[in-house]
Amino acid sequence: MTRRRGFASGVLAAAAAVAVSEALAALFNLRESPVLALGQTVIRLTPGGIAEAIIGVVGTKDKPLAVASVLAAILLLGGLAGLWWSTRRTWSIGLVIALVVAAAAAVIGRPYAYGAGVIACILAGLVVVAVLIALQPGEAVTESGRREFLRTAAVIAVATVIVGGAGELLGSRRRRRQEIERVRESLRLPTRGVAVPSGVDFGVKDQPRWLTPNDEFYVIDTVLSKPLIDPNEWELRIHGMVDREMTLTYQDLLDRGLKDAWITLCCVSNPVGGDLIGNATWSGVPIKDLLEEVGVQAGADALLSTSADGWNCGTPLEALMDGRDALLALTMNGEPLPVAHGFPVRQVVPGLYGYVSATKWVTDWEVTRFQDFSAYWTQRGWGPLGPIKTQARIDLPRGSAEAGKVMVAGVAWQQQVGISSVEVRVDGGPWQKATLAKVPNLDTWVQWTWQWDAEPGEHTIEARATNSEGEPQTSKIADVLPDGATGYPGIRVSIT
Ligand SMILES: Nc1nc2c(c(=O)[nH]1)N[C@H]1C(S)=C(S)[C@@H](COP(=O)(O)O)O[C@H]1N2
Ligand SMILES: [Mo]
């Protein structure tokens, strides 16, 4: 095996691996292929100054450039693995494993992490090894060996193109997505939009805004591919312990009129200090009105809602009918729901974690009893009821700051109950009252700030919220499983 052939076989192996991972990404309908995840990670890890310099040169071509650099790096490293294959087999395999691990880490590090993405990375690694074995069977350099090499290489190159092309064709889902996106964008729904009430946002630089933009809103669900539902075909079937079964269309909902509400939605998997929480304006039909229309029968205590993808959850009827803004929502921040957030219709129920209430792409309602079913997450050990716990988060400062006046800022929430105060303490010292911003109702998070006279050194800052019933959040540390994390949020800051 010549060095040139060794290198070429590695480049080809890497190209085949990329084609396979792209095709798998299309097959699994991944939001991002491993190559894209790597590209995004490269962008994220590029120091701000360098990124700015690059953008200064290439302008908005920085994203394609990042992807192209990742591809070039993969092919080059593949070449290296090919070069080493016959002489330094362990190095070669180590390099392939390192690449697979890096790609898998990039996939996992992205907000839309899917197990299938990791599988694609591993299969891509196996493809590299398989191609290297095929191209470097280990015979001496002979003229017939050269011909054999070229023949195998040609077959693999053709296979690579076919697999890559198949990935493109599998992209039929992409067309469907574009189609649904067009329908979605053409909808004009009566909604208040993104109006922000006055006094709710301090406007502190670098603090997340009180109203979370749709494209920054966390996305949590179990689907490998988001359901693509045409609102004209959408239906919600309501049945079970009801007096009159009913099937609703999108137009039926519009005809009933939409109600707007600001509601903070939180994931039970949000760790203390985490960002699986967001606040938006939702508009939809009150769930209570619909349940009253169908007539809930005596003895029922749960609404079992199921989405187009088969996920389900049980919500206490009490929470849906006690008059809170529990909505069958059509819009989010003044737009039709984004596909990732449940287009065309989802539920939003203030005061409950999403896993027991916020069914996206909802298509079926069964009025029933908790004792008669076990829903997706409760089958997996999560609590059946899922009320929101009192919690605070510290957003600022991040990492380090200069001595002197330092702005400590964050949010606190307990939807349906409300927050009456937030306190902050430094290095375990006395609790000090933070200033709260306004809130329009009990259902959103509240921003808080506290001016800190920071002295040089390493410090720990903690916060705790007290709810409107005078109950402070517990200091007891609990894991997210089974029904939500507790404990004071804390950050380490180095003051210079
Ligand atoms: N169909 C469906 N709906 C779902 C889920 C899901 O996995 N599938 N996850 C729930 C969970 S756990 C949460 S926290 C919220 C998240 O909503 P978001 O992705 O719009 O932020 O959706 C809920 N609705
Ligand atoms: Mo969640």
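For the structure itself, consult the block above.
Here the structure is a predicted model, which is why all the values come from computation and not from measurement.

**Student:** For this particular structure, what's the right way to read the overall build of the chain?
**Tutor:** Of regular secondary structure, the chain possesses 11 helices and 19 strands. Projected onto its principal axes, the C-alpha coordinates of the chain cover approximately 85 × 65 × 45 Å. Looking at the chain as a whole, 49% of its 496 residues qualify as buried. Across the chain, every contact between residues at least 6 apart in sequence was considered, and the portion connecting residues at least 24 apart equals 74%. When the accessible surface of the chain is split by element, carbon and sulfur atoms take 58% of a total near 22,700 Å². In the chain, which carries 45 positive and 50 negative side-chain charges, the distance between the mean positions of the two groups comes to 9 Å.

**Student:** I tried to follow the sheet that holds strand 19 (residues 490-495) on my own but got confused; where do I start?
**Tutor:** By way of backbone hydrogen bonds, the strands of a sheet pair with one another, either parallel or antiparallel. Pairing is mixed across the open sheet formed by 5 strands, whose spatial order is 12-19-18-14-15. A strand with exactly one partner marks an edge of an open sheet, and here the two such strands are strand 12 (400-401) and strand 15 (432-433). Note that strand 18 (residues 457-467) and strand 19 share 6 bridges and pair antiparallel. Counterpart to Thr460 in the pairing with strand 19 is Arg492.

**Student:** How should empty space enclosed by the protein be read in this particular structure?
**Tutor:** The rolling of a water-molecule-sized probe over the atoms marks out the regions of remaining empty space. By the definition in use, this model includes 3 cavities of 30 Å³ or more. Roughly 260 Å³ of internal volume is contained in the largest cavity. Ala17, Ile74, Leu99, Ala103 and Ala124 are, among the 20 residues lining the largest cavity, the residues nearest its centre. Elements represented by at least two residues in the lining of the largest cavity include exactly helix 1 (3-27), helix 2 (34-45), helix 4 (62-85), helix 5 (89-109) and helix 6 (115-135). In terms of residue count, helix 6 provides more of the lining of the largest cavity than any other element does, 5 residues in total. Considered class by class, the residues forming the lining of the largest cavity number 17 nonpolar, 3 polar and no charged. Estimates place the volume of the second largest cavity at around 80 Å³.

**Student:** Please explain the environment of Val356 as it appears in this structure.
**Tutor:** Within the fold, Val356 resides in the loop between strand 9 (346-348) and strand 10 (362-368). Classification of Val356 as buried rests on a relative accessible area of 2%. As a C-alpha pair, Val356 and Thr306 span 50 residues in sequence and 11 Å in three-dimensional space. Leave out the neighbours within four places in its chain, and Val356 touches Cys313, Gly314, Thr315, Gly383, Pro384, Leu385 and Gly386.

**Student:** Mind showing me how you'd approach the pattern of salt bridges here?
**Tutor:** Here the idea is simple: oppositely charged side chains can pair when their charged atoms come close. Summed over all chains, the structure comprises 18 salt bridges. The partner of Lys205 in a salt bridge is Asp206, and the shortest N-O contact between them spans 3.5 Å. Residue classification places Lys205 among the exposed positions, given a relative accessible area of 65%. One salt bridge connects Lys389 with Asp483, and the closest N-O pair in it is separated by 2.9 Å. One end of the pair, Lys389, is in the loop between strand 10 and strand 11 (391-396); the other, Asp483, is in the loop between strand 18 and strand 19, with 94 residues separating them in the sequence. Judged by its relative accessible area of 22%, Lys389 is partly exposed. Here Asp483 falls in the partly exposed class, since its relative accessible area comes to 30%. Members of the salt-bridge network, linked through shared partners, are Glu181, Arg184 and Glu335.

Rules used in this analysis
Residues numbered from 1 in each chain as written. Chains lettered and ligands numbered in written order. Predicted model: local features only at pLDDT ≥ 70, side-chain atom pairs only at ≥ 80, totals over all residues. Heavy atoms only, no water. Helix = DSSP H or I, 4+ residues; strand = E, 2+ residues; numbered from the N terminus. Buried < 20%, exposed > 50% of the residue type's maximum accessible area, 1.4 Å probe, protein only. Contact = heavy atoms within 4.5 Å. Areas by Shrake-Rupley, 256 points an atom, 1.4 Å probe, with all protein chains shown as cover. Lys, Arg positive; Asp, Glu negative; His and termini not counted. Charge placed at Lys NZ, Arg CZ, Asp CG, Glu CD. Pairing = 2+ DSSP bridges. 1 Å grid on protein atoms, 1.4 Å probe; cavity = no way out; pocket = protein on both sides within 12 Å on 5 of 7 lines; lining within 4 Å. Points joined across faces, edges and corners; volume = space filled by probe spheres on them. Nonpolar A, V, L, I, M, F, W, Y, C, P; charged D, E, K, R; others polar. Salt bridge = Lys/Arg side-chain N within 4 Å of Asp/Glu carboxyl O.

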